[in-house]
There are 2 protein chains.
Amino acid sequence: MSARIVEVRKGVLHKNDLLAAELRDGFGRSGVFVASFVSSPGSGKTELLRQTLHLLGDGYKVATLVGDLATDNDAKRLEGAGGLVRQITTGTICHLDAAMVRSALDDWDLAALDFLFIENVGNLVCPASYDLGEALRVVLTSVTEGEDKPLKYPTIFHSADLALITKTDLADAVGFDRAAARANIAAVRPELPVLEVSARTGAGMQDWIELLLRARSRAG
Amino acid sequence: MSARIVEVRKGVLHKNDLLAAELRDGFGRSGVFVASFVSSPGSGKTELLRQTLHLLGDGYKVATLVGDLATDNDAKRLEGAGGLVRQITTGTICHLDAAMVRSALDDWDLAALDFLFIENVGNLVCPASYDLGEALRVVLTSVTEGEDKPLKYPTIFHSADLALITKTDLADAVGFDRAAARANIAAVRPELPVLEVSARTGAGMQDWIELLLRARSRAG
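Residues numbered from 1 in each chain as written. Chains lettered and ligands numbered in written order. Predicted model: local features only at pLDDT ≥ 70, side-chain atom pairs only at ≥ 80, totals over all residues. Heavy atoms only, no water.

Draft legend 1. Representation of the nonpolar core. Membership of the largest hydrophobic core comes to 50 residues, with the highest contact counts inside it found for A:Val139, A:Ile156, B:Val139 and B:Ile156. Those elements that place two or more of their residues in this core are α6 (154–158), β6 (162–166), α7 (171–174) and α8 (178–188) of chain A together with α6 (154–158), β6 (162–166), α7 (171–174) and α8 (178–188) of chain B. In contact with A:Val139, not counting residues within four places along its chain, are A:Val38, A:Leu124, A:Ile156, A:Phe157, A:Ala160, A:Leu162, A:Ala163 and A:Leu164. (Core = buried A, V, L, I, M, F, W, Y, C linked by side-chain atoms within 4.5 Å. Buried < 20%, exposed > 50% of the residue type's maximum accessible area, 1.4 Å probe, protein only. Helix = DSSP H or I, 4+ residues; strand = E, 2+ residues; numbered from the N terminus. Contact = heavy atoms within 4.5 Å.)

In structure tokens:
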């Protein structure tokens, strides 16, 4: 990148950081636990959220923002799964930012919510740099993507609080090397918690829900 | 994006377009056919290239550039498959640009080559805007990513000359809806040729090689 674009980018990121800090304060005051989800396109963010909404059930008030360049397919997939859903379309922009999140929250009463989930645009690079004010950032990597994504896209793993290895029901079909995948995550972020889940079969999903509820209790 | 960053980005893209046009002229004069490959992380670009190098065999002189944020894993995977290989690491940048390609070509004798393959950073957004001087841009989308990626990431499909649906050996395991995937590609780019391949089983690979050879003949 040219020196000029680096300088402008720094300004944009600084502005985003300030706005994200404001959002985080507001979320804390409202008592809503905010988790965001980042991954490649097709790692299974929406399906994970659909099953998460189902498993949380009626006992929790949940709202979900979903980001994509185009379409409201993901919002449609989540409607009926539970709670409020709103799609953010970014046009040609490869990530959500704090301003988009603030605009999308608009008329929602945060104080009435237990959880706010934010599904980012499918991208293993751009979302890494943009704080959205979330309390928990979850990076998903599916078994079908191979084992070396943490090594090739270290920045997004550095920015995350939890890694979910998804689509484990396909592990055998793709010859997934579980030990290598875990070793690669550990090489980049030794302290990053890792869970293995299949939203399709439900394997590991109860552990994920428990982690989410514990994280909320600790934050509250 | 702010008005200021849009303006700077336009300048960067304009400069890239000029350099890409220079590269394209040079490739044409040297008689090397240049194909680039874009997709999500984990769609199988490197494995497609490995099998492509193998199938092209000793009859063609081939060189490959592979882009990643970090590691030279992909270059290592391609070494021994045939021809010259060089890794470009982009740091935090989510795409290759024409200047990176020019630098990486460095001491290679283009006139001695039949094909130059350029594997972009795994990303369905950023690479769309950066012309690399290639004659053929191939977008890969694997069956494990689901059917709606063309609708959600239209820009990259608009920028491509060919779509490859990859990992078709996993289609049944993931419940891939072939007709829906093709309809979604056609909805975004009605005229875009589509091939279905499995680099693992070899299904469709001969059609892909023939298309590549025909495209080279036409260009020559």
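Draft legend 2. Structural detail: helix α9 (residues 205–219) of chain B. All names here are of chain B. Across its 15 residues, α9 extends 21 Å between first and last C-alpha, which sits within 8% of the 21 Å expected from 1.5 Å per residue. Turning to α9, its buried residues are Met205, Trp208, Ile209, Leu211, Leu212 and Ala215. Along the axis of α9, the buried residues cluster in a sector spanning 160°; they form a single face. Residues of α9 that are exposed and point more than 90 degrees away from the buried face comprise Ser217 and Arg218. (Expected span 1.5 Å × (residues − 1). Arc of directions from axis to C-beta.)

Draft legend 3. Geometry of the pattern of salt bridges. For the structure on display, the rule yields 32 salt bridges over all chains. Here A:Asp107 makes a salt bridge to A:Arg86, at a shortest N to O gap of 3.1 Å. A residue pair is termed long-range when its members are at least 10 positions apart, and A:Asp107 in the loop between α4 (98–105) and β4 (115–119) and A:Arg86 in strand β3 (residues 84–89) qualify at 21 residues. Note that B:Asp114 and B:Arg216 form a salt bridge whose closest N and O atoms lie 3.0 Å from each other. With B:Asp114 in the loop between α4 (98–105) and β4 (115–119) and B:Arg216 in helix α9, the pair connects residues that are 102 residues apart, well separated along the chain. Take B:Asp114: its relative accessible area is 18%, and that puts it in the buried class. The class of B:Arg216 is partly exposed, set by a relative accessible area of 24%. The structure contains a network of salt bridges with shared partners spanning A:Glu47, A:Arg50, A:Asp74, A:Arg77, B:Asp148, B:Lys149 and B:Lys152. (Salt bridge = Lys/Arg side-chain N within 4 Å of Asp/Glu carboxyl O.)

Draft legend 4. Inspection of the interface of chain A and chain B at higher detail. Every contact between the two is made by 40 residues of chain A and, on the other side, 40 residues of chain B. When chain A packs against chain B, the two sides together hide about 3,300 Å² of surface, and 59% of this comes from carbon and sulfur. In terms of surface lost to chain B, no three residues of chain A exceed A:Val8, A:Pro41 and A:Lys152, which account for 17% of the buried area on that side. Inspection of the chain A/chain B interface yields two salt bridges. Measuring nitrogen to oxygen at the nearest pair gives 2.7 Å for the salt bridge that ties A:Asp74 to B:Lys152. Across the chain A-chain B interface, the total number found is 14 residue pairs in polar contact (both at pLDDT 80 or more). Of all elements in the fold, only α1 (3–30), α3 (73–78), α5 (149–152), α6 and α7 of chain A reach the threshold of two or more residues within the side of chain A that touches chain B. (Buried area = accessible area lost by both parts, 1.4 Å probe. Polar contact = N/O pair within 3.5 Å; in protein donor to acceptor, adjacent residues only side chain to side chain.)

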